[in-house]
Amino acid sequence: MSTKVNRRQKIRYRIRKKAVGSAQKPRLSVFRSNSDIYVQLIDDASGVTLAAASSRDKDIKAQKGTKSEKSKLVGAALATKAKNLGITTCIFDRGGYLYHGRVKSVADGAREAGLQF
């Protein structure tokens, strides 16, 4: 393993110690690959994913724009799914990534669509 991967893993563990999701207040987990971004609402108590969205969804993939712009759409899509499930608040888990760029865009998109964290 590279040191960059080890460093991110340590940061992830540190975040996960504090950020624990429940059914009422799930954890919004972000995974960022080079080309796409994936987000999930996770209930850690029962180990279940309540809702998920990614930049590979058909309606988002069809959009034109930068990866950051698509990330904002992903955040909004997840917030819409959460509202349909009756979830209004969540805990943001940046997954060891810096709160900047695409990760920040996801958070902004989710907030603008009405999700609180």
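Keep in mind it's a predicted model, so treat the numbers as computed, not measured. (Residues numbered from 1 in each chain as written. Predicted model: local features only at pLDDT ≥ 70, side-chain atom pairs only at ≥ 80, totals over all residues. Heavy atoms only, no water.)

## Focus on the packing of aromatic side chains
- In total, this model carries 3 aromatic pairs according to the counting rule given.
- Clustering of aromatic rings is evident, with ring pairs tying together Phe 92, Tyr 99 and Phe 117. (Phe/Tyr/Trp six-rings, centres within 6.5 Å; stacked < 30°, edge-to-face > 60°.)

## Remarks on the nonpolar core
- Of all hydrophobic cores here, the largest spans 22 residues; its most connected members are Leu 28, Val 30, Val 39, Leu 41, Leu 78 and Leu 115.
- Tallying contributions element by element places helix 3 (residues 67-84) first for this core, with 5 residues.
- Each residue touching Val 30, except ones within four places of it in the same chain, is listed here: Ile 37, Tyr 38, Val 39, Phe 92, Asp 93, Arg 94, Gly 95, Tyr 97, Val 103 and Val 106. (Core = buried A, V, L, I, M, F, W, Y, C linked by side-chain atoms within 4.5 Å. Buried < 20%, exposed > 50% of the residue type's maximum accessible area, 1.4 Å probe, protein only. Helix = DSSP H or I, 4+ residues; strand = E, 2+ residues; numbered from the N terminus. Contact = heavy atoms within 4.5 Å.)

## As for the side chain of Ser 54
- Here Ser 54 lies in strand 3 (residues 48-54).
- In this structure the side chain of Ser 54 is engaged in a polar contact, spanning 3.1 Å, whose partner is the backbone nitrogen of Arg 56.
- In contact with Ser 54, other than residues within four places in its own chain, are Ile 37, Tyr 38, Ile 60 and Val 74. (Polar contact = N/O pair within 3.5 Å; in protein donor to acceptor, adjacent residues only side chain to side chain.)

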